[in-house]
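Breakdown of the fold
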Amino acid sequence: MAEQRSGRPMIDLRSDTVTRPTPGMREAMASAEVGDDVFGDDPTVVELEAHVAAMFGHEAALFFPSGTMANQVALQLCVDRGGELLAGADAHVVTYEAGAAAAIGGISTRTWPAVGAALDPEVVAAMIRPSGFPSVPTQALAVEQTHNLGGGGVVPLATLHRLAEVALAASPSGLALHCDGARIWHAHVADRVPLFVYGQLFQTLSVCLSKGLGAPVGSLVVSSRQRIAQARQIRKRIGGGMRQVGVLAAAGRYALDHHVARLAEDHARARRIADTLAPYGVVDPAQVRTNMVLLDLTKTTLDAPTLAARAEQHGVLIAAMLPHLARVVTHLDVDDEDVDQAGTVLGALLAAG
Ligand SMILES: *Cc1c(COP(=O)(O)O)cnc(C)c1O
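Model, not experiment: these values are computed from the prediction.

1. Observations concerning the environment of H178
- Along the chain, H178 falls in strand β6 (residues 176-181).
- When its relative accessible area of 0% is taken as the criterion, H178 is described as buried.
- For the pair formed by H178 and G132, sequence separation is 46 residues and the distance between their alpha carbons is 23 Å.
- In this structure H178 touches N71, A74, L75, L141, A142, V143, F202, T204, L205 and S206, once residues within four positions along its chain are discounted.
- Within the local environment of H178, its side chain forms a polar contact with the side chain of N71, the two groups lying 2.9 Å apart.

Here it is as C-alpha cells:
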C-alpha cells in the first residue's frame, strides 16, 4: 500500500476501483472449484452467471474481465456495424472506452447533451432516426446507472420507464435499451429499487463487481439466452475467453453476498465529506446521492490538478477529472476516520486557496 512520509497509509479516494480483496474474499478465491470456462466447465463461473442473471430477472449472463469489454460486447449485440447508438455526451461508453464503439464495433454514436443523471427522454426521442437508406438508423440507447461524470447521480425510475416507452415506440421492433450499470448496486441501495425492476427495463445490462463491491476483477453482461450465446462468441473473438477463472468469479460472488448492503455506509461517508466541504462553495450536499463527491472548483482560486497535488502531500489522493472538476469516491477500504481526515485536509486546502 502506498505510504506517505509519516508512515501512515495514503487515504485513496481517487476511485472505488482501488480496493483490495478482503481476507474472506481471498479465502473464497483460494477454495473455488474451477474448470476451463471456454469449454463451459468452470462451475464457479457458471453459478455466478446464473445467480446474476436471476438477480435481474433475465435468462442469462456472461462473465467479463472488464466493464469496458462487457459494455462494448453488449453494444455489439444491440447495434449492427454502421448502425447508431445514442448516449449522453458524458457517458462512459463514449468518453472513457478508448473509442471502442467505433474502432471495434463499427458503431456510429450520437450524443444528447450532458446533464449528468438528469436525462430528458423527450430530447432523446427527438433525436432518434428511423431506418431507411441513406440515413444512419438509430438501433439502441444507452443509459448509465449510477452516472459517473454525473457525480454518482441516480437516474430516477420514472425517467427510465419513459425512456423504455420511447425506445419501444421508435420502430416496429423497438430500439434496444442498454444499461451501463457499473454501479447499479449503488442506485439499488440509494433508491431502494429492486434489481429485477431495473432488469425489466433493459434488453442488456453490464454490471461491475470490481468497483464499489471490491472484487479484484469482473463484470457481467445480463440479457436473454440468445443474446448471451452471441456475446460468448464475440467475447472469444476479441480475446476475452478465459480458462480457470472461477478464482475470480468466487471473489465476485463473495462481493455480491457481503458487499452490496454495506454500500449505504459509503454513501453516508460521501455525504459527510460533502457536508464538510459545502461551506467552501464547491459542492451541494443534496446532489450527493451515492459514493461520489464532485468538487466544482470554478469559483475557487485552485484548479483540480493543484488541489490533487496538494492533497497528496497531506496523505489524501483524489482525482482531477477536468481542469476545474475534482472527484472524491468512498469505498470499502476507507472508514469514518479516513473520511474525516480527508475532509479536514481538503477543507484546509480550500480555505488557504
Ligand atoms: C468503470 C466504469 C466502466 C468500465 O470500467 P472498466 O475499467 O473497463 O472495468 C463502465 N462504466 C462506468 C460508468 C464505469 O464507471
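More follows now that the structure is in view.
2. A few points about the site of the ligand
- If you check the shell around the ligand, you find S66, G67, T68, N71, H92, E97, E144, N148, D180, A182, R183 and K211 and nothing else.
- Side-chain polar atom of H92 to a nitrogen atom of the ligand: 3.5 Å apart, as the coordinates give it.
- In this structure, K211 approaches the ligand through a side-chain N or O atom, which is 2.8 Å from an oxygen atom.
- Summarising the interface, the protein chains cover 82% of the accessible area of the ligand, which totals 380 Å² for the free molecule.
- If one sorts the elements of the shell around the ligand by residue count, helix α3 (residues 67-78) sits on top with three residues.
- By residue class, the composition of the shell around the ligand is one nonpolar, six polar and five charged.

3. Overview of the sheet that holds strand β11 (residues 319-322)
- With respect to topology, three strands assemble into an open sheet ordered β9-β12-β11, the strand pairing being antiparallel. Two strands close off the open sheet at either side, each with one partner strand: β9 (292-296) and β11. On average, adjacent strands in this sheet sit at an angle of 30° to one another, irrespective of strand direction.
- For β9 and strand β12 (residues 325-329), the ladder comprises five bridges, and the chain directions are antiparallel.

4. Re the nonpolar core
- Ranked by internal contacts, the top residues of the largest apolar core, which has 54 residues, are F56, F63, L141, I184, W185 and L209.
- The element best represented in this core is helix α11 (residues 246-258), accounting for six residues.
- Once residues lying within four places of it in the same chain are set aside, the contact partners of L209 are L48, F63, W185, G214, A215, G218, S219, L220, G252 and L256.
- Counting residues in each nonpolar core, the second largest holds 28 residues, with L277, V282, V328 and L350 among its members.

5. Points about the domain arrangement of the protein chain
- Taken domain by domain, the protein chain consists of domain 1 (4-20 + 262-352) and domain 2 (32-258).
- Taking the mean C-alpha position of each, domain 1 and domain 2 sit 28 Å from one another.
- On the side of domain 2, 20 residues touch domain 1, which itself brings 17 residues to the contact.
- The junction of domain 1 with domain 2 conceals about 1,500 Å² of combined surface from both sides, 57% of it contributed by carbon and sulfur atoms.
- Interface area lost by domain 1 to domain 2 is led by L263, R289 and M292, which between them contribute 34%.
- Summed over the shared surface of domain 1 and domain 2, the result is two salt bridges.

Thresholds, definitions, all that
Residues numbered from 1 in each chain as written. Predicted model: local features only at pLDDT ≥ 70, side-chain atom pairs only at ≥ 80, totals over all residues. Heavy atoms only, no water. Helix = DSSP H or I, 4+ residues; strand = E, 2+ residues; numbered from the N terminus. Buried < 20%, exposed > 50% of the residue type's maximum accessible area, 1.4 Å probe, protein only. Contact = heavy atoms within 4.5 Å. Polar contact = N/O pair within 3.5 Å; in protein donor to acceptor, adjacent residues only side chain to side chain. Near = heavy atom within 4 Å. Areas by Shrake-Rupley, 256 points an atom, 1.4 Å probe, with all protein chains shown as cover. Nonpolar A, V, L, I, M, F, W, Y, C, P; charged D, E, K, R; others polar. Pairing = 2+ DSSP bridges. Axes fitted to C-alpha atoms, helices over the stretch in contact; angles between N-to-C directions. Core = buried A, V, L, I, M, F, W, Y, C linked by side-chain atoms within 4.5 Å. Domains from an automatic or database assignment. Buried area = accessible area lost by both parts, 1.4 Å probe. Salt bridge = Lys/Arg side-chain N within 4 Å of Asp/Glu carboxyl O.

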